[in-house]
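Understanding the architecture of this molecule
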Amino acid sequence: MNNRQTTLKAPIEISGVGLHTGLEVKITLQPAGIGHGYKFKRVDIENQPVIPADCDLVVDVERGTTLEKNGAKIGTIEHLLAALVGCEVDNVLIEVNAPEIPIMDGSSGPFVQEIKKVGKVEQQAERQYLVIEENTLFNIPERHIDMIAMPYDDGTRMTVMIDYNSPVLGSQHASITSMDQFENEVASSRTFCFLHELEALAKANLIKGGDLENAIVIVDRKVEENELNDLAQLLNKERVEVKEEGILNNVDLRHQNEPARHKLLDLIGDLELV
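First things first, this report covers the structure right here in the doc. Because the structure is a prediction, the values reported are computed rather than measured. Each residue is numbered by its place in its chain's sequence as written, counting from 1. For a predicted model such as this one, the threshold for reporting local features is a pLDDT of at least 70, and the threshold for listing and counting side-chain atom pairs is 80 or more; totals across whole chains, interfaces and linings nevertheless cover every residue. As a rule here, side-chain values come from all non-hydrogen atoms in the structure, and water together with hydrogens is ignored.

What follows concerns the pattern of salt bridges. Oppositely charged side chains can form a pair if their charged atoms are brought close together. Each reported salt bridge corresponds to a side-chain nitrogen of Lys or Arg within 4 Å of a carboxyl oxygen of Asp or Glu. In the structure shown here, the tally under the stated rule is 7 salt bridges. Two residues, R4 and E126, come together in a salt bridge whose shortest N-O distance is 3.9 Å. Taken as a pair, R4 in strand 1 (residues 4-8) and E126 in strand 10 (residues 120-126) lie far apart in primary sequence, 122 residues in all. Between buried and exposed lies partly exposed: a residue is buried under 20% and exposed over 50% of the maximum accessible area for its type, with that area taken using a 1.4 Å probe on protein chains only. Its relative accessible area of 30% is what places R4 among the partly exposed residues. Accessibility expressed as a relative area gives 47% for E126, which makes it partly exposed. Across the pair E183 and K116 runs a salt bridge whose closest N-O atoms are separated by 3.4 Å. Highlighted residues: E183 in helix 3 (residues 182-186) and K116 in helix 2 (residues 109-118), separated in sequence by 67 residues. Numbering of helices and strands runs from the N terminus, with a helix taken as a DSSP run of H or I at least four residues long and a strand as a DSSP run of E at least two residues long.

Take a look at the structure:
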């Protein structure tokens, strides 16, 4: 394990659509100094406020993580943060001209590819690590969510298990023991939702930039032809259909347990927020 802090060798420009706002978004990842960490700079707002990646600034976790400081917000940050953590880049200033990070293909993969192209450089300072000294529990009973952080002497290990009581998904798990696994094992896992959630998400003024190219839609019930027509209109498609695997339209899963791996991706993205 490299114990030196790192930053990018050069700036990186990335553009794409915002999942929830539908806005065209441009971000620039700028190299940053020792101890800077990850910070978001809203260049589209007067005085260009800066929002650190800090768990105390989280104000919303509805279909993404949103930070807010002094009235300035930035959302859908988890895939980009996961890419930075997974590539072991410690110090970056993220300039963004919209209230959310672009969704790209619904995964962390495009961010990882751009980071790998530019590369990183070591800085003359040691990394600081969070050390878990005793079991720490967190749960949300009404959502059937349980998390536990335990001491582990050999670095970091993360394991995610999910069970949505869905005949399509079944019970799944994914695990990572080294960030060397991130690029090939986790980064390409995409955002997913269930078919029955789409209408509710749309009515909640979310997923304005949602598309079958940037998310997996899991069909967990029988769908009538008229409903498929309504879905096609919602998703701006001429036609949608349900594959035998229970996935909407012609989408091939990259991993058999992709939903579990996506949850693991989100967990890695939240590491800097601890």
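Once that is clear, we can look at unusual backbone geometry. Working note: non-glycine residues mostly have negative phi, and peptide bonds are mostly trans. Phi is positive for N70, close to 50°, though the residue is something other than glycine. Position of N70 relative to the elements: it lies in the loop between strand 7 (66-69) and strand 8 (72-74). Taking the relative accessible area as the measure of exposure, N70 reaches 77% and is therefore exposed. The residue E88 is not glycine, and still its phi comes out positive at about 60°.

Now for the sheet that holds strand 6 (residues 58-60). For two strands to be treated as a pair, DSSP must find no fewer than two bridges joining them. The strand order 6-7-8 describes an open sheet built from 3 strands, whose pairing is antiparallel. With partners counted over all chains shown, the strands left at the sheet margins are strand 6 and strand 8, one partner each. Taking the axes of each pair of neighbouring strands and ignoring which way they run, one obtains an average angle of 40° across the sheet. Inspection of the sheet shows strand 6 paired to strand 7 by 2 bridges, in the antiparallel sense. Among the inter-strand pairings, V58 is bridged to a residue of strand 7, identified as L67. Axis definition: a line fitted to C-alpha atoms, limited for helices to the stretch in contact. Angles are taken between N-to-C directions and run from 0 to 180 degrees.

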